[in-house]
Amino acid sequence: MSSSEKISPKNLLQIPLWRILKLIRQSSSGWTALHLILIVVRGVLPLVQLYLIKLIIDEVTAGIGSQDKTAAIGKVVVVIIIAGIVYLIGAMLDSAASYVKQAHTMAVTDHLHDLIHRKSIEVDLAYYEDSKYFDNLHRAQQEAYFRPQYLMNSLQEIFQSGITMIAISGLLFSLHWLVVLILFIAVVPGLVVRLKYSGETYRWQRERTQTERLARYFSWMLTVYNYAKEIRLFELGKQFVDRYNGLRVTLRGERLQIARRRSISEMITQGAGALALFGSYTFIAIRAVQGMITLGDLVMYFQAFQRGLSSIRNVLGGLAGLYENNLFLSNLYEFLDLEAKVTERLDAKPVPRPLQAGIVVNNVCFRYPGSEKKALDDVNLTLGKGEIIALVGENGSGKTTLIKLLCRLYDPTEGAIYLDGEELGHYRISDLRREISVLFQDYSHYQLTARENIWFGNTRVPSEPESIAKAAEQAGVDDTLRQLPKGYETILGKWFEGGVELSIGEWQKVALARAFLRDSQIIVLDEPTSSMDAKTEFEVFEGFRRILRDRSAIIISHRFSTVRNADRIYVFDKGGIVESGTHDELIQLEGRYATMYTFQAQCYE
C-alpha cells in the first residue's frame with residue numbers, strides 16, 4: 001500500500017484475518033490453545049457473577065420479611081460462599097491468563113523477529129542497495145517489538161468481550177430490546193473516531209519513515225565506536241545532536257497534532273455514552289418502582305448494562321485495534337513478501353567437484369537496479385583449474401561487481417558466466433557459494449570470539465582447534481591470537497565485556513583466515529593485504545600459494561607487488577577490460593597497466 005492510498009474501514013481485512021491467526025498459531029500452538037480456553041471461560045464468568053449478585057440481593061430482600069431469620073441467613077450465606085468461590089476462580093483465572101498472555105506474546109514477538117531475520121538473509125543483495133528496502137525493513141522492525149502485544153490484546157478483547165457481550169445482551173434483551181439497541185448505538189461514535197485517526201497515524205508514519213530513519217542514523221553515529229574518533233576530532237558532536245533533536249522535534253510535533261485532534265473527538269463521543277448509560281438507568285429504575293422487576297433484578301440489570309457497555313466498547317475497540325494493527329502489520333508483510341530476483345531452478349545441479357574447465361565469463365554486461373549506467377560492459381575472461389588471475393584497475397571500474405556476479409549475488413543483465421561449460425544459473429545457489437571463498441575489502445568484524453571469527457568461514461564442519469589454528473597460521477595471525485588473554489576464546493572488539501580490539505591489519509588477517517578455512521575450489525581475495533605492511537604481505541602470499549594446490553584464485557589489488565606473479569592479469573576501466581596478459585606482456589605493451597605500474601614503482605623510490 002502506498003503512503004498516499006486512502007485508508008478506510010473497507011481496508012479492515014487488507015491482511016486476511018486467517019493470515020494473522022496463522023502467524024499466532026505458528027509461533028506456539030500450545031500457548032495459543034491454552035490462551036483460547038482461558039478467553040472462553042473468562043468471557044462467560046461475568047454473567048455468572050452478575051446472576052449470583054442478583055441472588056444475594058433477592059435472598060436478602062426476602063430474608064428481611066421472613067419470619068425464620070436463621071433459615072434466611074443460611075440461604076444468604078450459601079449464595080455468598082458460592083459467589084466467593086466463583087470470585088476466587090475468576091481471580092486465579094486472571095492470574096493464569098496474565099501469565100499465558102505474556103508467554104504467548106513473547107513467543108509471537110520472537111517468531112516475528114525470526115521471520116524478519118530469515119527474510120533478511122533470503123532477499124537479494126540488490127535490496128540492500130535500495131533505500132526503499134531500508135524503509136520497509138525499518139517499518140517492519142519498528143512494529144515487531146510491540147505490535148504483537150497490541151495484536152494479542154485486540155484479539156483477546158474481541159473474543160473474550162464478545163462472549164461476555166452476547167451473554168449480557170441476551171440478559172438485557174429479556175428486559176427490553178430497546179436497552180440492547182441503545183447499548184450498541186452508544187459506542188458507534190467512538191469506533192468511528194478511532195478508525196479515522198488510526199488511518200491518519202498510519203499514513204503519517206509511512207510518509208515520515210525516511211525522517212525517522214535519518215534521526216535514528218544520527219543517534220547511531222553518536223553512540224558507536226566507528227564514528228567516535230572523527231566526531232571528536234572534527235567537533236561533529238553538537239552538529240549531530242542538534243540535527244537529531246531538530247528531527248525529533250518535528251516528528252513529535254506532528255504526532256502530537258494528530259493525538260490532540262483525536263483526544264478532542266473522543267471527549268465529544270464520551271457524551272453520547274454517558275447519555276445512553278443514564279437514560280437506560282432511568283428506564284430500569286422506573287421498571288423497579290413499577291414492581292415489574294425485583295431489587296435484585298434492578299442491581300443485576302444496572303451492572304449488566306455497565307458491563308455490556310464495557311464489553312461492546314472492548315469488542316469494537318478490539319476491532320478498531322485489529323484494523324490499526326492490520327495497517328501496521330501490512331508493513332511487516334510488505335517486507336516478508338519481498339521476492340528474490342536471483343532464483344534457483346527446480347532442476348538445479350550440484351557443482352562439479354573437482355572442477356575441470358573452470359570459469360568462462362562471456363560478453364557480460366550488468367547494471368545495478370535503478371541505474372542506467374553499466375557497471376560491467378562486455379566483459380570476457382577465463383579462469384582455468386589451478387590458475388591465479390588478477391583484476392586491476394581504478395576504484396569503481398567493475399572488479400568487485402564481477403565477483404558479486406560470480407557468487408550469484410546478482411545475475412548479469414546481458415551475457416553469461418559459465419562453470420565447467422554450464423551457466424551459473426544451472427547450479428544450486430548454496431553449492432555454488434560453498435565452492436567460492438571470498439574475502440571482500442569491506443570484510444566483517446564479528447564481535448565474538450577469535451575462534452568463531454575464523455570458524456564462520458565454514459560452519460558446515462565442527463569448530464576444531466587444529467583446523468582453526470591452521471587457517472590462522474596460513475593467514476599469519478596464529479601467534480597474535482594465541483597471545484590474547486583467553487587465546488582463541490577471547491572476544492574480539494570492544495562491544496562486549498572482556499573484548500580485545502585488534503589493529504586493522506590484524507582484523508584483515510582474521511578475515512583472511514576465515515577465507516582460508518573454507519574448503520572451496522575457488523578463492524577470491526579483494527584487496528586482501530591493503531592493511532598489511534610489505535613484509536607481512538610477502539609472508540601471507542607465500543602461504544597463500546602453498547594452500548592453493550589445485551584450487552583457482554582471483555586476486556583484486558591495487559598493489560602490483562601482489563598481482564605481478566598471477567598467471568594472467570586483467571585491466572579494468574569503466575566497467576570493461578582494456579588489457580590482459582602476464583605482467584611481462586603488459587609491461588611490454590606499454591599501455592594502461594605499464595603506466596600504473598611505473599607510477600606506483602616511482603612512489604616507492
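Residues numbered from 1 in each chain as written. Predicted model: local features only at pLDDT ≥ 70, side-chain atom pairs only at ≥ 80, totals over all residues. Heavy atoms only, no water.

Draft legend 1. Quick peek at the side chain of Gln 447. With respect to the element layout, Gln 447 can be found in the loop between strand E6 (436-439) and helix H13 (450-455). For Gln 447, a relative accessible area of 14% puts it in the buried group. Of note is the side chain of Gln 447, whose polar atom sits 3.2 Å from the backbone nitrogen of Lys 494. (Helix = DSSP H or I, 4+ residues; strand = E, 2+ residues; numbered from the N terminus. Buried < 20%, exposed > 50% of the residue type's maximum accessible area, 1.4 Å probe, protein only. Polar contact = N/O pair within 3.5 Å; in protein donor to acceptor, adjacent residues only side chain to side chain.)

Draft legend 2. Examining the packing of aromatic side chains more closely. A full pass over the atoms with the stated rule returns nine aromatic pairs. When the centroid spacing of 4.9 Å and the interplanar angle of 80 degrees are considered together, the rings of Phe 366 and Tyr 368 count as edge-to-face. With a centroid separation of 5.1 Å and 85 degrees between ring planes, the pair formed by Tyr 446 and Phe 456 is classed as edge-to-face. Here the residue Tyr 446 occupies a position in the loop between E6 and H13, and Phe 456 occupies one in the loop between H13 and helix H14 (465-475), the gap between them amounting to 10 residues. Here a set of aromatic residues connected by ring pairs shows up, and it is made of Tyr 217, Phe 218, Trp 220 and Phe 240. (Phe/Tyr/Trp six-rings, centres within 6.5 Å; stacked < 30°, edge-to-face > 60°.)

Draft legend 3. Structural detail: the environment of Lys 509. Looking at the secondary structure, you find Lys 509 in helix H16 (residues 504-517). Through-space distance from the C-alpha of Lys 509 to that of Ala 472 is 7.7 Å; in sequence the pair is 37 residues apart.

Draft legend 4. View of unusual backbone geometry. Across the junction of Arg 353 and Pro 354, the peptide omega takes the value 5 degrees, indicating a cis bond. Checked against the element boundaries, Pro 354 lands in the loop between helix H10 (295-336) and strand E1 (359-367). Unlike most non-glycine residues, Asp 420 shows phi in positive territory, near 50 degrees. Mapped onto the secondary structure, Asp 420 falls in the loop between strand E4 (414-419) and strand E5 (422-423). Even without a glycine there, the phi angle at Glu 590 is positive, about 55 degrees. Within the secondary structure, Glu 590 is located in the loop between helix H19 (583-589) and helix H20 (592-604).

Draft legend 5. Looking closely at the side chain of Arg 551. Turning to its location among the elements, Arg 551 is positioned in the loop between helix H17 (534-548) and strand E8 (552-556). Among buried charged residues, Arg 551 stands out as having no salt bridge; its nearest opposite-charge side chain is Asp 519, 4.6 Å away. For Arg 551, the side chain forms a polar contact with the main-chain oxygen of Arg 518, separated by 3.2 Å. A polar contact is formed between the side chain of Arg 551 and the backbone oxygen of Ser 520, at a distance of 3.1 Å. If we ignore the near neighbours within four places in the chain, the residues touching Arg 551 are Gly 386, Glu 387, Arg 518, Asp 519, Ser 520, Gln 521 and Ile 523. (Lys, Arg positive; Asp, Glu negative; His and termini not counted. Salt bridge = Lys/Arg side-chain N within 4 Å of Asp/Glu carboxyl O. Contact = heavy atoms within 4.5 Å.)

Draft legend 6. Seen up close, the packing of H14 against H16. Between H14 and H16, the least distance of the axes is 8 Å, while the angle of their chain directions is 125 degrees. Taken as axis vectors, H14 and H16 run oblique relative to one another. At the point where H14 passes H16, the crossing takes the right-handed sense. When H14 is examined against H16, the residues Ser 467, Ile 468, Ala 471, Ala 472, Gln 474 and Ala 475 are found in contact with a partner set consisting of Lys 509, Leu 512, Ala 513, Phe 516 and Leu 517. The class makeup of the residues in the contact of H14 with H16 is eight nonpolar, two polar and one charged. (Axes fitted to C-alpha atoms, helices over the stretch in contact; angles between N-to-C directions. Parallel < 35°, antiparallel > 145°, perpendicular 65-115°, else oblique. Left-handed = near helix turned anticlockwise from the far one by under 90°. Nonpolar A, V, L, I, M, F, W, Y, C, P; charged D, E, K, R; others polar.)

Draft legend 7. Up close: the sheet that holds strand E2 (residues 374-383). Pairing is antiparallel across the open sheet formed by four strands, whose spatial order is E2-E1-E4-E5. Looking at which strands have only one partner, the edges of the open sheet turn out to be E2 and E5. Pairing of E1 with E4 involves five bridges; the strand directions are antiparallel. Bridge pairing in E4 links Ile 359 to Leu 419. (Pairing = 2+ DSSP bridges.)

Draft legend 8. The pattern of salt bridges, seen in detail. Counting across every chain of the model gives 18 salt bridges. Of the charged contacts, one joins Arg 353 and Asp 519 as a salt bridge, the two residues approaching to 3.1 Å between their closest N and O atoms. On the criterion of sequence distance, the pair formed by Arg 353 in the loop between H10 and E1 and Asp 519 in the loop between H16 and strand E7 (522-526) is long-range, its members being 166 residues apart. Under the relative-accessibility criterion, Arg 353 is labelled partly exposed at 46%. Relative accessible area serves as the criterion here: at 47%, Asp 519 is assigned to the partly exposed category. Put simply, Arg 353, Glu 435 and Asp 519 are held in one network by salt bridges that share partners.

Draft legend 9. Representation of H16 in the model. With 14 residues, H16 extends 20 Å between its outermost C-alpha atoms, agreeing within 8% with the 20 Å of an ideal straight helix rising 1.5 Å per residue. For H16, the complete set of buried residues consists of Gly 505, Trp 507, Gln 508, Lys 509, Val 510, Ala 511, Leu 512, Ala 513, Arg 514, Ala 515, Phe 516 and Leu 517. (Expected span 1.5 Å × (residues − 1).)

Draft legend 10. Just the pairing of E8, in detail. With respect to burial, E8 is a largely interior element, five of its five residues being buried. Burial along E8 is two-sided: Ser 552, Ile 554 and Ile 556 and Ala 553 and Ile 555, pointing in opposite directions, are all buried. Bridge analysis of E7 against E8 gives five bridges, and the strand direction is parallel. By the bridge assignment for E8, Asp 526 is matched with Ile 556.

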